[in-house]
Amino acid sequence: MKNFEKTILITGGAGFIGTHLVKHMVRKYPQYFIVNLDKLTYAGNLQNLDDIAGSPNYHFVKGDIVDSNFLHQLFTQYTFDGVMHLAAESHVDRSIASPMDFIHTNIIGTVNLLNACKNAWQDNFSDKIFYHVSTDEVYGTLGDTGLFEETTAYDPRSPYSASKASSDHLVRAYFHTYGLPVKISNCSNNYGPYQFPEKLIPLFIHNIKQNKPLPVYGDGKYTRDWLWVEDHVRAIDLIYHQAAVGKTYNIGGFNEWQNIDLIKTLCNIMDAKLQRPAGSSEQLITYVKDRAGHDRRYAIDATKLQKDLGWSPSLQFKEGLEKTVDWYLTNQNWLEEITSGAYQSYYEQQYSHR
Ligand code: NAD
Ligand code: DAU
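Here goes a summary of the coordinates provided. (Residues numbered from 1 in each chain as written. Chains lettered and ligands numbered in written order. Predicted model: local features only at pLDDT ≥ 70, side-chain atom pairs only at ≥ 80, totals over all residues. Heavy atoms only, no water.)

1. What to know about empty space enclosed by the protein
Summary: where empty space remains is shown by rolling a probe the size of a single water molecule over the atoms. The condition that has to hold: The method works on a 1 Å grid over the protein atoms by themselves. A cavity is a set of points holding a 1.4 Å probe that cannot get out, a pocket is an open set with protein on both sides within 12 Å along at least five of seven lines, and residues with an atom within 4 Å of a point line them. Grid points are joined across faces, edges and corners, and a volume is the space filled by probe spheres set on the points. For this classification, the nonpolar set comprises Ala, Val, Leu, Ile, Met, Phe, Trp, Tyr, Cys and Pro, the charged set comprises Asp, Glu, Lys and Arg, and every other residue, Gly included, is treated as polar.
For the structure on display, the rule yields two cavities of 30 Å³ or more. A volume near 60 Å³ is recorded for the second largest cavity. V92, I96, E137, S158, R224, R291, A292, G293, H294, D295 and Y298 are the residues that line the second largest cavity. Split by residue class, the lining of the second largest cavity holds four nonpolar, three polar and four charged.

In structure tokens, the structure reads:
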């Protein structure tokens, strides 16, 4: 193998954000060797990475972060300089139906990775980085005003957010107790290509295309702060390379939308793209039973990231939504492959009783 400047392990690189991050790192840093470790759950899709799969600085390994023996072997085989940890169970509704998968991967899997790094790096932590990619959901829910800051107290309210909060605490514990060089970021809702169609935007694009009902939870007035996925990836790159060890950064789009307003905007875009009469997709909106423990509002204060590292979001939301819709309409094979098989039974279980 050629001499590379650094070898970096990215976990969860076949998922939504991981796909964008792996492509970014492989292309931008030919001097780095990128190892992508992914279990390939329902959410992981190796085809996403076809265009970089043959790159000399990229290698894929199929494996499970819950398996500590496997991780030990991987860390014996490679000398990693850094880890970007994204592998997780990520969908709130699935965490309500099956919490244990979230406990295993998000908590045990993260501790296994921390232990693998601590053991492999024990003699020398200098120039090493363990970067933990986390979520704004750890902060709980906001009322009508206020923003999540890095100092906001943790108050997770779903099995998903509780498992992510737990992993954040463990990452900080390894920093304080063992001196492991960690960095953490907590990001708001991402959107863009390659997102699995269980999440709001791709699910609704898929349903509009198929003229299926659009299941709006509760009163539809829940608020999320949306960020173009490549802006998240740029932030991760900046924090990995430039933030001080031990720091946490919030990442968000300064872009709050009530679900129902977002959905109506998406309906208008889809009507235009599909050349349907204006207003036809909105007819598909169906109010359904609310998500249990549904967090009312998330909104991120990302000024620390702006001030310290000069980051800001690049895209206006409507432009990003148009690009997202264009991608899903151009890549219908991707959507069709992913929504055949197991997806059907998930959809049936999730929505038939609402
Ligand atoms: P995703 O569900 O699309 O992808 C997760 C990936 O992890 C998949 O490829 C899956 O195969 C892999 N994986 C799952 N369990 C594994 C295991 N035990 N071992 C190895 N690999 C495993 O998730 P995403 O939306 O890309 O999110 C990535 C990370 O970013 C997660 O940690 C999530 O909590 C965090 N995050 C996501 C968002 C968002 O809006 N999507 C926002 C903030 C933070
Ligand atoms: O805030 C960051 C988080 O954003 C990430 O940590 C999670 O991994 C990611 O899944 C996302 O969580 P949300 O629960 O906010 O995303 P989701 O797309 O599931 O839902 C967005 C909003 O839309 C939420 O208020 C619930 C609502 N919703 C969702 C679905 C799937 C509906 O009204 N109907 C639906 O069918």
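Moving on from the model shown.
2. Looking at the environment of Y178
Note the following rule: Helix numbers and strand numbers start at the N terminus; a helix is a DSSP run of H or I with at least 4 residues, a strand a run of E with at least 2. Every residue pair with non-hydrogen atoms within 4.5 Å of one another is taken to be in contact.
Examined against the element boundaries, Y178 turns out to sit in helix α5 (residues 159-178). Between the C-alpha atoms of Y178 and K118, which are 60 residues apart in sequence, the distance is 8.0 Å. In contact with Y178, other than residues within four places in its own chain, are K118, F125 and A173.

3. Side note on the layout of surface pockets
Looking at the largest pocket, its volume works out to about 570 Å³. Of all the secondary-structure elements, those providing two or more residues to the lining of the largest pocket are α3 (92-97), α11 (332-338) and α12 (342-351). Per element, the largest residue contribution to the lining of the largest pocket is six residues, and it comes from α12. Taken together, the residues that form the lining of the largest pocket break down as nine nonpolar, nine polar and nine charged. In this structure, the second largest pocket spans a volume of roughly 200 Å³. Surrounding the second largest pocket, S68, N69, L71, H72, F75, T76, N112, N115, A116, N119 and A120 form its lining. Elements with a minimum of two residues in the lining of the second largest pocket: α2 (68-77) and α4 (99-121).

4. Some thoughts on the nonpolar core
Rules: For the purposes of this section, nonpolar cores are sets of buried Ala, Val, Leu, Ile, Met, Phe, Trp, Tyr and Cys residues that join through side-chain atoms within 4.5 Å. Any residue under 20% of the maximum accessible area for its type is buried, any over 50% is exposed, and the rest in between are partly exposed; the area is computed with a 1.4 Å probe on protein chains only.
In this structure, I10, M25, M84 and I251 are the most contacted members of the largest nonpolar core, which totals 82 residues. Core analysis: the second largest hydrophobic core is formed by 26 residues, F33, V35, V83 and C117 among them.

5. Quick notes on the side chain of S167
Put simply, the test is: Pairing of N or O atoms within 3.5 Å defines a polar contact, subject to two protein rules: one partner must be a possible hydrogen donor and the other a possible acceptor, and residues neighboring in sequence count only if both atoms are side-chain atoms.
Note on placement: S167 falls in helix α5. Engagement of the side chain of S167 in a polar contact is seen with the side chain of H132, the distance being 3.1 Å. Within the local environment of S167, its side chain forms a polar contact with the backbone oxygen of K164, the two atoms lying 2.7 Å apart. Those residues in contact with S167, other than ones at most four positions away along the chain, are N106, T110 and H132.

6. A word on the sheet that holds strand β4 (residues 82-85)
Test applied: The pairing criterion for strands is at least two bridges between them, as found by DSSP. Lines fitted to the C-alpha atoms define the axes, with helices restricted to the stretch that makes contact. Angles between their N-to-C directions range from 0 to 180 degrees.
Read across the open sheet, the seven strands follow the order β3-β2-β1-β4-β5-β6-β10; overall the sheet is parallel. Each edge of the sheet is formed by a strand with only one pairing partner; in this case those strands are β3 (58-62) and β10 (248-251). The mean angle between the axes of side-by-side strands here comes to 20°, regardless of whether they run parallel or antiparallel. Sheet analysis places strand β5 (residues 129-135) next to strand β6 (residues 182-187), joined by six bridges and oriented parallel. For S134, the partnering residue across the bridge sits in β6 and is N186. Along the sheet face, α4 touches β1 (6-11), β4 and β5 and points at about 165° away from the line of β5.

7. Looking at unusual backbone geometry
One non-glycine residue, L40, lies in the positive phi region at around 55°. Mapped onto the elements of the fold, L40 is located in the loop between β2 (32-38) and β3. Note on L40: relative accessible area 26%, which makes it partly exposed. One non-glycine residue, Y194, adopts positive backbone phi at about 75°. Following the sequence through the fold, Y194 ends up in the loop between β7 (189-191) and α6 (200-209).

8. Brief notes about helix α10 (residues 317-330)
To keep it simple, the criterion reads: Expected helix span is computed as 1.5 Å times (number of residues minus one).
Here α10 contains 14 residues, and its C-alpha end-to-end distance of 20 Å stays within 8% of the 20 Å for a straight helix at 1.5 Å per residue. Restricting attention to buried positions, one finds in α10 the residues F317, G320, L321, T324, V325, W327, Y328 and L329. Close packing links the buried residues of α10 with β7, α6, β9 (223-228), β11 (256-258), α8 (259-273) and α11.

9. A closer look at the pairing of β9
Taken across its six residues, β9 has six buried, putting it largely inside the fold. By the alternation rule, side chains of β9 split into T223, D225 and L227 and R224, W226 and W228, which are all buried. Here β7 pairs with β9 via three bridges, running parallel. Bridge pairing in β9 links Y191 to W228. The sheet contact formed by β9 and β11 spans three bridges and is antiparallel. From the neighbouring strand, T223 faces β11, where its bridge partner is Q258.

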